[in-house]
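# Commentary on secondary and tertiary structure
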Amino acid sequence: MSIVTVQLGQCGNQIGFEVFDALLRDSHSFQGLCSKRENEAYQTSCKERFFSEEESGVPIARAVLVDMEPKVINQTLSKAAQSGRWKYGQHACFCQKQGSGNNWAYGYSVHGPRHEESIMNLIQKEVEKCDSFSGFFIIMSMAGGTGSGLGAFVTQNLQDQYPNSLKMNQIIWPYGTGEVIVQNYNSVLTLSHLYRSSDALLVHENDAVHKICAKLMNIKQISFSDINQVLAHQLGSVFQPTYSAESSFHYRRNPLGDLMEHLVPHPEFKMLSVRNIPHMSEDSLAYSTFTWAGLLKHLRQMLISNAKMEEGIDWQVRPPLSGLPPLGKMSLSKDLHFNTSIANLVILRGKDVQSADVEGFKDPALYTSWLEPVHAFNVWKTQRAFSKYEKSAVLVSNSQFLVKPLDMIVKKAWNMFASKAYIHQYTKCGIEEEDFLDSFTLLEQVIASYCNL
Amino acid sequence: MTQSVVVQVGQCGNQIGCCFWDLALREHAAVNQKGIYDEAISSFFRNVDTRVVGDGGSISKGKICSLKARAVLIDMEEGVVNEILQGPLRDVFDMNQLITDISGSGNNWAVGHKVFGSLYQDQLLEKLRKSAEHCDCLQCFFIIHSMGGGTGSGLGTFLLKMLEDEFPEVYRFVTSIYPSCEDDVITSPYNSILAMKELNEHADCVLPIDNQSLFDIISKIDLMVNSGKLGTTVKPKSLVTSSSGALKKCHKKPFDAMNNIVANLLLNLTSSARFEGSLNMDLNEISMNLVPFPQLHYLVSSLTPLYTLADVNIPPRRLDQMFSDAFSKDHQLLQADPKHSLYLACALMVRGNVQISDLRRNIERLKPSLQFVSWNQEGWKTSLCSIPPVGHSHSLLALANNTCVKPTFMELKERFMRLYKKKAHLHHYLQVEGMEESCFTEAVSSLSALIQEYNQLDATKNVPVQDLPRLSIAVSLTLPCQCSGVISAHCNLHCLGSSDSSASASQLLFSLVTLLDIPIPHVLEQAVHFVACTRHFFFQVFQ
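Residues numbered from 1 in each chain as written. Chains lettered and ligands numbered in written order. Predicted model: local features only at pLDDT ≥ 70, side-chain atom pairs only at ≥ 80, totals over all residues. Heavy atoms only, no water.

### Details of the interface of chain A and chain B
Worth spelling out the cut-off: Whether two residues touch is decided by their heavy atoms; if any such pair falls within 4.5 Å, the residues are in contact. The term buried area refers to how much accessible surface (probe radius 1.4 Å) is lost by two components on association, counted for both of them together. A pair is scored as a salt bridge if a Lys or Arg side-chain nitrogen falls within 4 Å of a carboxyl oxygen belonging to Asp or Glu. Any N or O atom pair separated by 3.5 Å or less is treated as a polar contact, with the protein-specific requirement of one donor-capable and one acceptor-capable atom, and with residues adjacent in sequence counted only for side-chain atom pairs. Each helix is a run of H or I in the DSSP string that is no shorter than four residues. Each strand is a run of E no shorter than two, and both are numbered from the N terminus. Residues are grouped as follows: Ala, Val, Leu, Ile, Met, Phe, Trp, Tyr, Cys and Pro are nonpolar; Asp, Glu, Lys and Arg are charged; all remaining types, including Gly, are polar.
Counting residues at the interface gives 63 residues for chain A, matched by 67 residues for chain B. Summing both sides of the interface, chain A and chain B together bury roughly 5,800 Å²; the carbon and sulfur share of this comes to 57%. At the junction of chain A and chain B, the tally comes to 4 salt bridges. Here chain A and chain B share 29 residue pairs in polar contact (both at pLDDT 80 or more) between them. At the level of elements, helix 1 (9-28), helix 3 (70-83), helix 8 (224-239), helix 13 (403-418), helix 14 (423-427) and helix 15 (433-451) of chain A are the ones that each hand at least two residues to the side of chain A that touches chain B. No other element matches the 11 residues that helix 15 of chain A contributes to the side of chain A that touches chain B. The residue makeup of the side of chain A that touches chain B, split by class, is 24 nonpolar, 25 polar and 14 charged.

Below you can see the structure in the form of structure tokens.
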């Protein structure tokens with residue numbers, strides 16, 4: 001089944017390009033660790049999900065590009081075409097002349113309704129091209145104006161027009177120390193609206209990815225291109241095909257549906273984050289070997305101690321001993337020690353994957369009390385290795401990972417809201433203080449729910 | 001892509017404008033090697049087929065035929081504009097874009113604003129409309145003028161109101177040259193204060209600049225160039241004051257170097273909107289991020305580096321030096337010291353080979369030495385444009401919304417009061433039809449109110465930041481499979497701790513009831529009390 005990607009704003013489009021590029025590059029990089037037949041099944045599955053075919057044989061990404069000003073889309077289209085391996089559809093983009101000015105209200109209340117028909121038409125065309133349609137993957141940032149505001153509007157529209165299809169939003173959490181001054185307002189408004197209309201929110205934090213580039217990849221002068229490539233790598237390792245029901249050659253057909261089913265058991269808890277292991281620069285890769293036991297041990301500790309990457313893990317953190325009462329309400333003021341999960345999904349790719357032991361993830365102490373580990377934990381496998389890694393594992397987790405960042409954003413936005421700074425920019429486009437308060441309330445509730453796990 | 005129109009008013013405005021167009025052509029010539037009329041050029045220039053007479057000559061794509069500036073030139077004396085039209089830039093301007101008169105405004109705001117305003121109102125409107133029609137998507141008017149004279153100050157600000165009425169969706173960015181202390185025009189305080197009122201009310205963003213600062217920067221550069229320190233040679237093209245490679249090769253005028261700085265400011269301001277980059281920043285984002293309250297729209301600017309040394313390798317230390325310099329007093333284009341005042345917001349617009357990690361590293365490094373207002377502790381807006389300015393490998397423009405503009409305004413007010421108390425030269429103004437003493441008193445009180453706002457912000461400077469109490473919500477969820485969670489929202493009655501400082505003691509009571517979509521057993525309805533002492537706090541109740 002196919003996934004239609006909607007790329008919104010500068011961030012969405014820049015990342016979208018890297019994602020498709022990573023997917024196709026991996027699809028063509030055959031490591032020889034599995035059989036040829038296996039590899040072909042993998043490639044076919046990948047193609048079906050993300051690309052459609054043209055007469056010339058060049059795969060066309062199943063994507064719709066939306067931005068309110070033309071520079072980024074032009075760049076994205078030409079980069080894709082230059083790669084020679086794939087490209088975007090000729091008429092798959094929607095562009096205007098003037099951007100949203102980092103104004104969520106402008107993206108949501110002005111650009112949204114004005115361009116609703118054109119954008120939805122484009123999306124519909126893309127959906128019609130799919131033989132069987134799985135759902136939408138919407139890539140956007142929270143800090144700006146188009147990705148955040150127009151993104152929220154489009155997601156809402158998708159919910160109305162395609163009530164039976166799934167929507168997963170990939171959202172980029174901005175750097176803590178400001179890329180955009182009103183980023184906290186934009187983030188609060190985006191999150192609250194998406195919480196109502198999206199099925200799952202897959203979050204990536206710029207700060208975390210930046211650290212991965214600095215510490216693990218050893219890049220000296222980190223550019224957005226580097227950051228986006230790390231992100232694309234993580235997403236690729238989630239979305240590339242995996243076996244269904246433990247049998248080789250048969251790959252899962254409905255990736256989005258399966259993800260939602262396993263990871264979002266309750267609509268109150270929608271925020272997912274991704275951790276992958278290993279991740280390193282190509283030079284280091286040549287000198288490293290891995291065992292499944294080692295990888296999984298690290299990954300489990302990353303989950304428990306809320307580490308963002310495989311370096312600097314706090315090994316002191318332990319799950320509470322079973323038999324003792326649960327740890328009680330998590331307090332945000334103290335350092336978060338133990339990360340309780342609602343649901344986890346581990347995806348393993350590579351050599352000897354059948355021998356990997358994931359028992360450590362089935363420990364009931366890791367999970368909240370209202371879900372049995374047998375429902376809360378799932379593992380997907382494939383022998384086909386991903387990218388250049390002989391063995392790799394990725395964890396998609398619905399847990400308390402994002403509580404602290406969310407709390408931080410709400411706190412800063414609230415402080416700014418109390419002084420009424422910048423509010424006139426939003427009210428002149430139709431977003432009133434009421435709307436802000438609604439958003440704050442919803443997010444406080446989400447924070448409280450997650451804290452109470 | 002959007003277009004901008006430059007409106008240059010008065011002698012100062014036109015001289016700066018002239019330098020601007022010169023440098024703009026130079027920049028585009030350096031970037032656009034193939035001579036194709038692309039969207040970047042179209043933001044400031046039209047492409048016209050000069051063989052076609054009249055209006056039909058615009059060409060939107062393809063090779064560059066003849067570039068015409070999107071500009072309107074206004075002056076009530078002919079000298080400056082005539083010189084432009086006889087100089088090397090004459091082909092860049094359309095004869096239809098000019099409005100001139102002979103007599104001049106006599107350094108009298110009232111003459112510029114009231115007399116010439118009403119006289120040329122229709123013509124102005126027509127020329128502005130024409131220039132707007134030539135634009136596919138007009139985003140911004142850039143007005144360049146001085147505050148101390150008559151035409152730039154009076155007629156320039158008359159225009160603002162007109163633009164606001166006629167083109168309400170288009171931004172108005174004003175570059176204003178403020179009079180220095182040793183200004184030789186006696187009535188400049190009057191002109192400036194009268195103009196300030198208009199700027200307060202009708203401009204979206206003002207970039208105040210003064211001649212003294214520009215002059216100091218020139219002196220600094222000259223020192224560097226002539227000092228001949230061992231191992232340092234300055235690349236001539238890289239001087240922010242230079243116009244080498246530009247069209248005008250005529251004898252250097254005294255203000256040329258200073259005007260070039262302002263021209264560079266405008267080019268760098270618009271660079272991220274015109275050229276590509278990994279983190280774009282459009283002009284509407286400037287207003288959105290840097291203007292927290294409509295009245296506080298004065299942005300202090302600084303440009304670095306002022307020159308490039310001829311060493312080819314730029315180690316990171318030098319890159320970091322560029323960031324440090326942007327915050328130093330010497331590099332500001334106004335007599336102001338932002339480092340020791342309170343920041344409301346700050347924008348860093350970087351051009352050239354600089355990546356996000358360099359930017360972040362420097363923000364982390366400089367943050368501790370800067371003071372930000374309590375509700376905007378991380379008030380940074382950043383942008384990265386890939387194309388560097390001519391002669392540099394990278395550059396930085398910093399825009400600060402900072403209370404350091406206050407001394408400039410206070411000093412202006414003082415000079416005004418010194419004259420006004422003695423009613424000196426007042427009759428020149430009052431004899432103009434439409435001018436009364438109330439114009440003066442209103443203008444002063446408008447300025448006083450603005451100064452008061454900055455004072456209030458400064459008062460919060462060293463107060464430790466307190467986190468405000470948040471909405472507290474009790475959540476009880478029954479088993480997830482029964483999706484109907486019962487949620488009750490408590491309302492929150494809080495008093496902020498009584499503050500010790502007598503000046504701004506304000507207790508705040510707020511209670512809030514919000515209802516969610518899920519049915520709630522009991523609805524709490526309460527009246528809301530709000531006490532607003534400062535402008536900062538005020539809440540409402542919602543059903």
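### Thoughts on the side chain of serine 105 of chain B
Residue and element names in this part refer to chain B. Residue placement: serine 105 occurs in the loop between strand 5 (98-100) and helix 4 (109-133). Only 2.7 Å separates the side chain of serine 105 from the side chain of threonine 151, close enough to count as a polar contact. Dropping the residues within four chain positions of it, serine 105 is found in contact with Met76, Val111, Gly112, Phe116, Gly150 and Thr151.

### A short note on the domain arrangement of chain A
Formally: Segmentation of the chain into domains, including their bounds, is taken from an automatic or database domain assignment.
Examined at the domain level, chain A breaks down into domain 1 (2-275), domain 2 (282-319 + 338-398) and domain 3 (404-452). Each of domain 2 of chain A and domain 3 of chain A has a C-alpha centre, and these two points are 34 Å apart.

### Comments concerning helix 4 of chain B
Since the α-helix turns once every 3.6 residues, residues separated by three or four places project in the same direction. Residue and element names in this part refer to chain B. What counts, and what does not: Multiplying 1.5 Å by the helix residue count minus one yields the expected span of that helix. For a residue, the bend is simply the angle between two axes, fitted respectively to the seven-residue segment ending there and the seven-residue segment starting there.
Here helix 4 spans only 30 Å end to end across 25 residues, well under the 36 Å set by a 1.5 Å rise per residue. The largest bend in helix 4 is about 60°, located at tyrosine 120. For helix 4, the N-terminal capping position is held by asparagine 108, with its side-chain oxygen 2.9 Å away from the main-chain nitrogen of alanine 110.

### Section: the packing of aromatic side chains
Just so we agree on the cut-off: Centres within 6.5 Å make a pair out of two Phe, Tyr or Trp rings, where for Trp the six-membered ring is used; the pair is then stacked when the planes are under 30 degrees apart, edge-to-face when over 60, and tilted otherwise. To sort residues, take the accessible area from a 1.4 Å probe on protein chains only and compare it with the maximum for the residue type: under 20% means buried, over 50% means exposed, and anything in between is partly exposed.
Using the criterion set out here, one finds 49 aromatic pairs over all chains in the structure. Ring centres of phenylalanine 133 of chain A and phenylalanine 136 of chain A lie 5.0 Å apart, and the angle between their planes is 70°; on these two criteria the pair is classed as edge-to-face. As far as the burial class goes, phenylalanine 133 of chain A and phenylalanine 136 of chain A line up, both buried. Here the aromatic cluster, defined as three or more aromatic residues joined through ring pairs, consists of Phe20, Trp21, Phe44, Phe45, Phe93, Phe142, Tyr171 and Phe173 of chain B.

### Focus: the sheet that holds strand 1 (residues 3-9) of chain B
Residues and elements named next belong to chain B. For clarity, the cut-off: Two strands are counted as paired when DSSP detects at least two bridges linking them. Convention adopted: a line fitted to C-alpha atoms gives each axis, helices being fitted over their contacting stretch, and angles between N-to-C directions are expressed from 0 to 180 degrees.
Pairing in this open sheet of 6 strands is parallel, and the strands run 5-4-1-6-7-8 from one edge to the other. Of all the strands in the sheet, the pair left with one neighbour each is strand 5 and strand 8 (205-210). This sheet shows a mean twist of 15° between the axes of neighbouring strands, independent of strand direction. Contacting strand 1, strand 4 (71-75), strand 5 and strand 6 (138-146), helix 4 crosses the sheet at an angle of about 165° to strand 5.

### A closer look at the packing of helix 6 (residues 188-202) of chain B against helix 12 (residues 406-421) of chain B
Residue and element names in this part refer to chain B. Let me state the cut-off plainly: Comment on the angle field: the value is read as roughly parallel under 35 degrees, roughly antiparallel over 145, roughly perpendicular from 65 to 115, and oblique elsewhere. By definition, turning the near helix anticlockwise from the far helix through less than a right angle yields a left-handed crossing, and turning it clockwise yields a right-handed one.
Contact pair helix 6 / helix 12: the axes reach a minimum separation of 8 Å and the direction vectors enclose 125°. In terms of orientation, helix 6 and helix 12 fall into the oblique class. Between helix 6 and helix 12 lies a crossing whose hand is left-handed. Where helix 6 approaches helix 12, its residues Ser188, Pro189, Tyr190, Ser192, Ile193 and Met196 are matched on the opposing element by Phe409, Leu412, Lys413, Arg415, Phe416, Leu419 and Tyr420. Grouping the amino acids of the contact of helix 6 with helix 12 by side-chain chemistry returns 9 nonpolar, 2 polar and 2 charged.

### Re the domain arrangement of chain B
Residues and elements named next belong to chain B. Taken domain by domain, chain B holds domain 1 (3-243 + 252-408) and domain 2 (409-460). Using C-alpha coordinates to define each centre, domain 1 is positioned 27 Å away from domain 2. Together, the buried faces of domain 1 and domain 2 total about 3,200 Å²; carbon and sulfur atoms form 70% of this surface. It is Tyr190, Ile193 and Lys406 that lose the most area in domain 1 upon contact with domain 2, and together they represent 26% of the buried surface on that side. For the pair domain 1 and domain 2, the interface holds 2 salt bridges. Between aspartate 458 and lysine 406 there is a salt bridge whose closest N-O contact spans 2.9 Å. Connecting domain 1 to domain 2 are 20 residue pairs in polar contact (both at pLDDT 80 or more). Those elements giving two or more residues to the side of domain 1 that touches domain 2 turn out to be helix 4, helix 6, strand 10 (342-352), strand 13 (394-402) and helix 12. Among the elements that take part in the side of domain 1 that touches domain 2, helix 6 stands out by supplying 10 residues, more than any other. A per-class count over the side of domain 1 that touches domain 2 returns 20 nonpolar, 13 polar and 4 charged.

### Regarding the environment of phenylalanine 133 of chain A
Residues and elements named next belong to chain A. Tracing the backbone shows phenylalanine 133 in strand 7 (residues 133-141). Spatially, the C-alpha atom of phenylalanine 133 lies 4.9 Å from that of serine 2, the residues being 131 residues apart in sequence. Non-local contacts of phenylalanine 133, meaning those with residues more than four positions away in its chain, are made with Met1, Ser2, Val4, Val127 and Ser165.

### As for the environment of valine 4 of chain A
All names here are of chain A. Inspection of the secondary structure assignment puts valine 4 in strand 1 (residues 2-8). Residues valine 4 and phenylalanine 136, spaced 132 residues apart in sequence, show a C-alpha to C-alpha distance of 5.0 Å. Leaving out residues up to four positions away in the same chain, valine 4 has contacts with Arg62, Glu126, Val127, Cys130, Phe133, Gly135, Phe136 and Phe137.

### A few points about helix 12 of chain B
Residues and elements named next belong to chain B. In a regular helix each residue adds 1.5 Å, so 16 residues correspond to 22 Å; helix 12 covers 22 Å between its end C-alpha atoms and thus fits that length. Turning to helix 12, its buried residues are Lys406, Thr408, Phe409, Leu412, Arg415, Phe416, Leu419 and Tyr420. On the buried face of helix 12, the contacting elements are strand 7 (171-178), helix 6, helix 13 (426-430) and helix 14 (437-459). Two residues or fewer after helix 12 comes lysine 423, characterised by a positive phi angle close to 55°.

### Digging into the packing of helix 6 (residues 183-197) of chain A against helix 13 of chain A
Packed helices, taken two at a time, are described by the angle their axes make and the gap between the axes. All names here are of chain A. Running from amino to carboxyl end, helix 6 crosses helix 13 at an angle of 120°, the nearest separation of the two axes being 8 Å. Here helix 13 runs oblique to helix 6, going by the angle between their axes. Read as a crossing pair, helix 6 and helix 13 show a hand that is left-handed. Between helix 6 and helix 13, the contacting residues are Asn184, Tyr185, Ser187, Val188 and Leu191 on the first element and Leu406, Ile409, Val410, Lys412, Ala413, Met416 and Phe417 on the second. Within the contact of helix 6 with helix 13, the residues separate by chemical class into 9 nonpolar, 2 polar and 1 charged.

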